[in-house]
Amino acid sequence: MISHRSLAVFLAIVLTMPTATALAFDDDEMTFTPDELEDDDDDSMTFAPDDLQDDDFDPADDFDEAQDVGVVAVPNDDITAHERSDIQAALRRAVGEMPEITVYGDRDLLPALEDRDPDYCSRESLCLAGVGRSAGVDRIVQARVEIDRGDYRLDIDYFDVGDRLFVAYHSNSGLGDIDDVIEAIPAGVNDIFGIREGTIDDPYVDVSDVNAGRIAAYFAGGASVLSLGIGTIFGLRVSSRESEIQEEFARDSQNRYTGLTQQEARTMQRDMESQATIANFGMGAGIILAAGSVLLFILSSEDEPEMDLAADAGSSFQLAPHFDDDGAGLGASWRF
């Protein structure tokens, strides 16, 4: 008969067996060398450009918290060492414009790439993640420049070292020379960081056809007509009021109106003086604006001799002020 002590020992052994099995498992991170990755073509982790947009990457998240970003121009046989150095400098300047990002050069990244196959490692996520970890960066911005059908192609990748994932990708082909490549780098960096370029001008509007001087001349001419009209109206009101007073009230030997108190006379006098001031100001401003309009027309006519409303029909529009002893005015003519 089995004793209670033997049964207890048996149950204790059974209960401790799963724990022993679990403790025997090695939970170290699985690492691979580049040679091991090349030997297994079916299991290598590669991504097509279309796969890059499948994640929920938001470039603005990098601006919310500081990121250590390594920048490297990948060497290859299509560019010289000097050209690679120029591309590296331009790439670092462009990434340095991004906010809340600490930029690191290629002092650690480039040797790690050259120890492996740069062309292979720059495209393989596991290998590139190892390069990033050895350099101690969170992200990598790399530029690859290759000759494609006689022209240069610029590829810029944004790689997350921790997630081992290409989170953004930019490609620009048909570049004529290295100078074109360097010039295209800032736009490519803005693209992978989600920075929108300035608004593009309307392709249907030719800015060179807009004559600012002619537009200002029209504005001054319109303001001149308005000002002269206001001055004329108030001038006519003053003249009409003076005629009414002369007809309605007689003057005494001291040239004072009879039938009016001194207060009433002063009130009418101030009212007429106020209207006369407005009339004079309106006429003066109108004359100055008219002269300015004519001057602007002359200056803007250096490129366009005259404003032709229908050149084929020989039509033209002319606007000019005129002055005489009785006053000033603005004349317009339209020949068609």
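This is a predicted model, so every value here is computed, not measured. Every chain's residues receive numbers from 1 upward, in the order its sequence appears when written. Only residues with pLDDT of at least 70 get local features here, since the model is predicted, and only at 80 or more are side-chain atom pairs given and counted; chain-wide, interface and lining totals rely on the full set of residues. Each side-chain value is derived from all of the structure's non-hydrogen atoms; neither hydrogens nor water enter the calculation.

**Structural notes on unusual backbone geometry**
Residue Arg149 is not a glycine yet carries a positive backbone phi of 55°. With respect to the secondary-structure elements, Arg149 resides in the loop between β3 (139-148) and β4 (151-160). Taking the relative accessible area as the measure of exposure, Arg149 reaches 82% and is therefore exposed. The phi angle at Arg164 is positive, at roughly 55°, despite the residue not being glycine. Helix and strand definitions here come from DSSP, where helices need a minimum of 4 consecutive H or I residues and strands a minimum of 2 consecutive E residues; each element is numbered from the N-terminal end. Within the secondary structure layout, Arg164 lies in the loop between β4 and β5 (165-175). Working definition: with a 1.4 Å probe on protein chains only, accessible area under 20% of the residue-type maximum means buried, over 50% means exposed, and in between means partly exposed.

**A look at a nonpolar patch on the surface**
A grouping of Leu226, Ile230 and Ile278 is seen on the molecular surface, where their side chains present a nonpolar patch of about 260 Å² in accessible area. Looking at where Ile278 falls in the secondary structure, it is placed in helix α10 (residues 262-300). Residue Ile278 is classed as partly exposed on the basis of its relative accessible area of 35%. Patch membership is restricted to residues that have no salt bridge and whose relative accessible area is over 30%. Joining uses 9 Å for like charges and 5 Å for the nonpolar side chains Val, Leu, Ile, Met, Phe, Trp and Tyr. Working definition of accessibility: Shrake-Rupley area with a 1.4 Å probe, residue cover restricted to the visible protein chains. The term salt bridge refers to a pairing of a side-chain nitrogen on Lys or Arg with a carboxyl oxygen on Asp or Glu at a separation within 4 Å.

**Side note on a negative patch on the surface**
Under the counting rule used here, the positive set is Lys and Arg, the negative set is Asp and Glu, and His together with the chain ends is not counted. Where a charge lies is defined by one atom per residue type, namely NZ (Lys), CZ (Arg), CG (Asp) and CD (Glu). A contiguous patch of negative charge on the surface is contributed by Asp86, Asp177, Asp179, Asp180 and Glu183. Here the negative patch gets 3 residues from one element, more than from any other, and that element is helix α8 (residues 178-192). If you trace the backbone, Glu183 turns up in helix α8.

**Considerations on the packing of aromatic side chains**
Two aromatic rings, drawn from Phe, Tyr or Trp (for Trp, its six-membered ring), form a pair once their centres lie within 6.5 Å of each other, and the interplanar angle then sorts them: stacked below 30 degrees, edge-to-face above 60, tilted otherwise. Considering all chains together, one arrives at 2 aromatic pairs under this definition. A ring pair is formed by Tyr158 and Phe193, whose centres lie 4.7 Å apart and whose planes are at 45°; its orientation type is tilted. Of this pair, Tyr158 sits in strand β4 while Phe193 sits in the loop between α8 and α9 (212-248), and the two are 35 residues apart along the sequence. Each member of the pair, Tyr158 as well as Phe193, carries the same accessibility label: buried.

**Focus on the state of the cysteines**
In this description, the term disulfide denotes a pair of cysteine sulfurs within 2.5 Å. Under the criterion given, the structure shown has 1 disulfide. The partner cysteine of Cys121 in its disulfide is Cys127, sulfur to sulfur 2.1 Å. Given an S-S torsion of about -100°, the disulfide between Cys121 and Cys127 has left-handed geometry. Taking the relative accessible area as the measure of exposure, Cys127 reaches 5% and is therefore buried.

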